[in-house]
Amino acid sequence: MRLTVSKRTDLAIRACRYLHEHQGRVPGRQVADAVGTSVPFLSQVLTPLVAGGWIDSRTGPSGGYQLRNSGEELTLLEVVQAVEGPMVDGHCVLDHSACDPTNPCVMHTMWSGARKGLMESLRDVRVLD
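(A) Layout of helix 2 (residues 28-35). Taken together, the buried positions of helix 2 are occupied by Gly28, Val31, Ala32 and Val35. Along the axis of helix 2, the buried residues cluster in a sector spanning 100°; they form a single face. Of the surrounding elements, those touching the buried residues of helix 2 are helix 1 (7-21), helix 3 (39-51) and strand 2 (64-67). Following helix 2 by one or two positions, Gly36 adopts a phi angle in the positive range, close to 80°.

Written out as structure tokens, the structure reads:
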């Protein structure tokens, strides 16, 4: 589990908030300008959220992005995991090998509790809050 998130996650959260503020379909150029990135990079950032069903994307002159269901239920955990990948990857926090719960490292119990708390906190916060 990483304790940092990338610029992609920051951009994804800001784009979701922008789309919520501007109801309806918003051109990619407008969203990219608002969050301070390029249209191609915005597309890369939002692709996991489109695949996850949280954002609708259409190409063409009348295309753009739109939050589905107004994005009210989208949580920080969902965005982080969509953009960054799973927070629990089955690797030991100390040596990045496969975690062996039958022979745990000295950090296993403490780290498992911390990870659970972080995931619960991210799950409790809506992107639009």
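Text resumes after the structure shown.
(B) The arrangement of the pattern of salt bridges in detail. Taken as a whole and judged by the stated rule, the model has seven salt bridges. Asp33 is the salt-bridge partner of Arg29, the closest N and O atoms lying 3.1 Å from each other. With Arg29 and Asp33 both in helix 2, this residue pair falls four residues apart, about one helical turn. Via salt bridges that share partners, Arg25, Asp56, Arg58 and Arg68 belong to a single interconnected network.

(C) Main features of the packing of helix 1 against helix 4 (residues 76-84). Relative to each other, helix 1 and helix 4 sit at 135°, their axes nearing to 9 Å. Regarding the angle of helix 1 to helix 4, the classification is oblique. For helix 1 against helix 4, the interelement crossing comes out right-handed. Where helix 1 approaches helix 4, its residues Arg8, Thr9, Ala12 and Ile13 are matched on the opposing element by Leu76, Val79, Val80, Val83 and Glu84. Of the residues that constitute the contact of helix 1 with helix 4, the class distribution is six nonpolar, one polar and two charged.

(D) View of the environment of Ala32. With respect to the secondary-structure elements, Ala32 resides in helix 2. Looking at Ala32, the relative accessible area reads 0%, which means it is buried. Considered as a pair, Ala32 and Val80 are 48 residues apart in the sequence and their alpha carbons are 19 Å apart. Other than its neighbours up to four places away in sequence, Ala32 contacts Thr37, Ser38, Val39 and Leu42.

(E) Representation of helix 4 in the model. By the burial criterion, the buried members of helix 4 are Leu76, Leu77, Val79, Val80, Val83 and Glu84. End-on view of helix 4: buried residues confined to an arc of 165°, all on one side of the axis. Summarising the contacts, the buried residues of helix 4 are in contact with helix 1, helix 3 and helix 5 (108-124). Looking one or two residues past helix 4, Gly85 carries a phi angle of roughly 100°, positive in sign.

(F) Fine view of the nonpolar core. Counting 29 residues, the largest nonpolar core has Leu42, Leu46, Ile55, Val79 and Val127 as its most contacted members. With near-sequence residues (within four places) excluded, Leu46 lies in contact with Ala12, Ala15, Ile55 and Tyr65.

Conventions adopted
- Residues numbered from 1 in each chain as written.
- Predicted model: local features only at pLDDT ≥ 70, side-chain atom pairs only at ≥ 80, totals over all residues.
- Heavy atoms only, no water.
- Buried < 20%, exposed > 50% of the residue type's maximum accessible area, 1.4 Å probe, protein only.
- Helix = DSSP H or I, 4+ residues; strand = E, 2+ residues; numbered from the N terminus.
- Arc of directions from axis to C-beta.
- Contact = heavy atoms within 4.5 Å.
- Salt bridge = Lys/Arg side-chain N within 4 Å of Asp/Glu carboxyl O.
- Axes fitted to C-alpha atoms, helices over the stretch in contact; angles between N-to-C directions.
- Parallel < 35°, antiparallel > 145°, perpendicular 65-115°, else oblique.
- Left-handed = near helix turned anticlockwise from the far one by under 90°.
- Nonpolar A, V, L, I, M, F, W, Y, C, P; charged D, E, K, R; others polar.
- Core = buried A, V, L, I, M, F, W, Y, C linked by side-chain atoms within 4.5 Å.

Spatial relationships are all this shows, so hold off on functional conclusions.
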